[in-house]
Structure formats: C-alpha cells, structure tokens
Amino acid sequence: MAKKKRAQQEAKKEDESQGKTDTNDEGQSDENNVEEGEEDGGPQSKRSRQTESNDGDDDDDDDNDDDNDDDNDDDPGVVASEALPLVTADIQVGPKSLSKDQPIIFLLDQATLETVKRNNVYELLNCDDHRDLAKRKLRKDPNIYRPDILHQELLALQDSPLNKAGLMKIYVATQKNVLIDINPATRIPRTYKRFAGLMVQLLHKMKIKAGEDHTTLLKIIKNPFSQYLPAGTRCYGMSCQGTLYSPINLASALLPEDYNNSKTPPTCFVVGAMSTGHVKLEDHPYMEKMISVSEYPLSGAAALSRIVTGIEHHWGIV
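Residues numbered from 1 in each chain as written. Predicted model: local features only at pLDDT ≥ 70, side-chain atom pairs only at ≥ 80, totals over all residues. Heavy atoms only, no water.

Asker: Would you take a moment to explain the overall build of the protein chain for this structure?
Answerer: When you go through the protein chain residue by residue, the secondary structure sums to eight helices and twelve strands. Here the protein chain, with 318 residues, has 36% of them falling under the buried criterion. Long-range contacts, defined as pairs at least 24 residues apart, comprise 74% of the intrachain contacts of the protein chain with a sequence gap of at least 6. (Helix = DSSP H or I, 4+ residues; strand = E, 2+ residues; numbered from the N terminus. Buried < 20%, exposed > 50% of the residue type's maximum accessible area, 1.4 Å probe, protein only. Contact = heavy atoms within 4.5 Å.)

Rendered as structure tokens:
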C-alpha cells in the first residue's frame with residue numbers, strides 16, 4: 001500500500017511538472033507570436049505612415065493647386081478688343097466700292113452711341129448693362145440706349161448682294177451729332193460684344209484702320225451730312241407715316257433703269273436707328289418726301305432688307 005501511494009504521488013508530481021512546462025511553452029509561444037506580430041506590424045505601420053504622409057502630401061498639392069486656381073482667378077482678364085482684331089476688310093465687295101459714285105447711299109440716323117466708364121473700363125452705353133446708371137446719373141429712360149439696333153441694320157446692309165456688288169455707301173449719324181463714314185469694304189463684327197468694343201474704340205480714336213494694309217475702314221467726319229451728297233442726289237426719308245410703296249414699285253419709281261449710267265445722280269435713303277420715333281423732314285431739309293415699304297411698323301433692319309431687295313430685283317443683282 002505504501003508503495004502504491006508513493007507511486008501515485010510521484011505520478012502526480014510528474015503530471016504537475018509537465019503542466020508547468022506546457023504553460024511555459026504556451027506563454028512563450030504567445031509572447032513569440034506577439035513579438036512576431038509587432039515585427040510584422042512594424043513595416044506595415046511604417047508603410048501605412050508613409051502612405052498617410054503621401055496622402056497628406058497629395059492633399060497639400062491639391063491645396064496648392066486650389067491656391068493656384070484662386071490666384072489665376074484673381075488675374076485680370078484680357079479685353080477682347082485688345083487681343084483680337086475687331087474689324088477687317090471684306091474682299092468679296094466689288095471694285096466699284098473703291099470709287100465715290102455709289103448709286104445708293106444710306107444714312108442711319110439718330111443712332112445711340114455713347115461711352116460710359118465703369119470699373120475703369122469704357123463701355124458702350126446700353127439699356128441692358130447700364131439701366132441703373134441711366135436712371136440715376138443720366139436721369140433718362142434706359143430704353144432709348146439701343147446701339148444693338150444700329151448693329152442689326154449694319155449687318156442687314158453689308159450682307160446684301162447690293163453691297164457685295166459695290167453699289168452702296170453707308171453713313172451713321174448719332175443723337176450726339178457724331179457723323180461716321182463707313183467704308184463699303186468694312187466687315188462689321190457679328191457679335192454685339194465685339195461690335196460694342198469697336199464703337200468704343202472708334203469714338204475714342206476717331207478712326208479705325210485695317211490691320212493688313214492700313215486702309216481706313218471707319219472714321220468720324222465733320223457735319224453736316226449734306227456736304228457729302230453728290231450734286232443732284234435725291235434723298236428720301238423712311239417712316240411708317242410716309243407714302244406707301246411695295247419694295248419693287250419703290251425701286252422702279254425712284255431709281256433709274258441702269259445703275260451703270262454715270263450721269264444719273266445717286267439716291268439716298270435716311271432710315272432711323274433709334275428705338276422709338278421716326279425720321280422727320282425738319283431734321284433733314286434736303287429730303288424730298290417720306291416713304292414707307294409696309295403698312296405695318298417695321299424694325300429698321302426689316303425695312304432696310306425690303307428696300308435693298310426691291311433695288312436688287314430692279315437692277316437684276318442676284
């Protein structure tokens with residue numbers, strides 16, 4: 001019995017000693033695992049730190065880009081009239097335009113061309129951009145400032161085959177008594193913004209020249225307008241209250257059969273370029289009578305198109 005007890009005690013001791021060694025091995029393995037995890041995590045943490053720092057650099061770069069964009073936004077823009085040519089010569093206009101005996105003369109009367117200084121830049125006064133200025137400072141109705149009407153009329157005339165044939169001469173008279181001579185070969189800008197820049201440049205410099213051969217395309221000339229009319233010129237004013245003609249009957253009644261006859265004096269038409277009202281005989285004593293091409297009130301560009309179409313039909317200009 002005593003031997004059995006001793007054997008059992010020795011077996012328990014062996015079991016306890018094995019349990020301690022197992023726990024020590026497990027503890028060491030856990031510690032080793034933790035150290036291995038830290039060692040494995042070390043490079044990963046460094047990489048993550050590097051990526052985070054790189055991301056931070058990217059963010060800084062983005063911020064710098066945003067700052068640069070803001071700086072670029074603060075830079076003043078280039079004025080279109082200074083960077084691009086506003087007016088050029090039209091090579092499609094016939095050689096007859098070089099002479100001074102064009103059989104058809106148009107005077108676009110009472111145009112509103114005035115400049116105003118805003119934000120240290122001179123602009124063409126108009127009802128859209130300067131409504132408050134016209135009311136408070138000028139104390140006038142802003143609706144009278146319509147330079148776009150002149151722009152439309154000039155495009156209607158210069159795009160016509162009559163002008164391409166070199167048979168037309170155009171003058172402009174403003175409400176401030178400024179008289180403008182327009183070369184028939186002038187190519188008027190298509191957009192209003194560039195047209196406005198051209199008019200501002202003309203009013204300040206008194207003349208505009210072509211960039212290629214320095215030909216004067218627009219210039220301000222002395223009044224009165226009548227001194228530029230050749231001797232014997234017949235002049236008519238356009239008004240909805242005038243004598244009514246169809247475009248074809250108007251041309252046949254007022255114009256000669258052949259425009260090549262140098263002995264026949266030119267014919268002048270005075271058409272309003274204002275927003276309201278019409279041309280008056282009192283303002284132009286050289287006019288014979290007032291005529292109309294429609295029983296309805298028309299815009300200046302529409303009236304000019306009808307007159308030019310009748311003349312082209314009468315003279316066979318296609």
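Asker: What is the right way to look at the environment of Phe 195 in this model?
Answerer: Tracing the backbone shows Phe 195 in helix 6 (residues 192–205). Assessed through its relative accessible area of 0%, Phe 195 is described here as buried. Along the sequence, Phe 195 and Leu 124 sit 71 residues apart, while their C-alpha atoms lie 9.4 Å from each other. For Phe 195, the residues in contact, after removing those within four places along its chain, are Pro 147, Leu 150, His 151, Leu 154, Ile 188 and Pro 189.

Asker: What is the right way to look at the pattern of salt bridges in this model?
Answerer: Side-chain pairs of opposite charge can arise whenever the charged atoms involved come near each other. Tallied over the full model, the rule gives five salt bridges. The partner of Arg 118 in a salt bridge is Glu 123, and the shortest N-O contact between them spans 3.2 Å. Relative accessible area serves as the criterion here: at 22%, Glu 123 is assigned to the partly exposed category. Taking the shortest distance from any N to any O, the salt bridge between Asp 181 and Lys 169 comes out at 2.6 Å. In this pair, Asp 181 sits in strand 6 (residues 179–182) while Lys 169 sits in strand 5 (residues 168–174), placing the two residues twelve residues apart along the sequence. (Salt bridge = Lys/Arg side-chain N within 4 Å of Asp/Glu carboxyl O.)

Asker: Quick question: what am I supposed to make of the sheet that holds strand 10 (residues 234–244) here?
Answerer: Working definition: the strands of a sheet are paired by backbone hydrogen bonds and lie parallel or antiparallel to each other. If you trace the eight strands from one edge of the open sheet to the other, you get 8-9-6-5-2-11-10-12, paired in mixed fashion. Each having just a single partner strand, strand 8 (207–209) and strand 12 (289–292) make up the two edges of the open sheet. Each neighbouring strand pair of the sheet contributes to a mean axis angle of 25°, computed without reference to strand direction. When strand 8 meets strand 9 (residues 216–221), the two strands line up antiparallel, connected through three bridges. Directly across from Lys 209, in strand 9, lies its bridge partner Thr 216. Seen against the sheet, helix 8 (residues 300–315) touches strand 2 (104–111), strand 5, strand 10 and strand 11 (267–272) and runs at an angle of roughly 175° to strand 2. (Pairing = 2+ DSSP bridges. Axes fitted to C-alpha atoms, helices over the stretch in contact; angles between N-to-C directions.)

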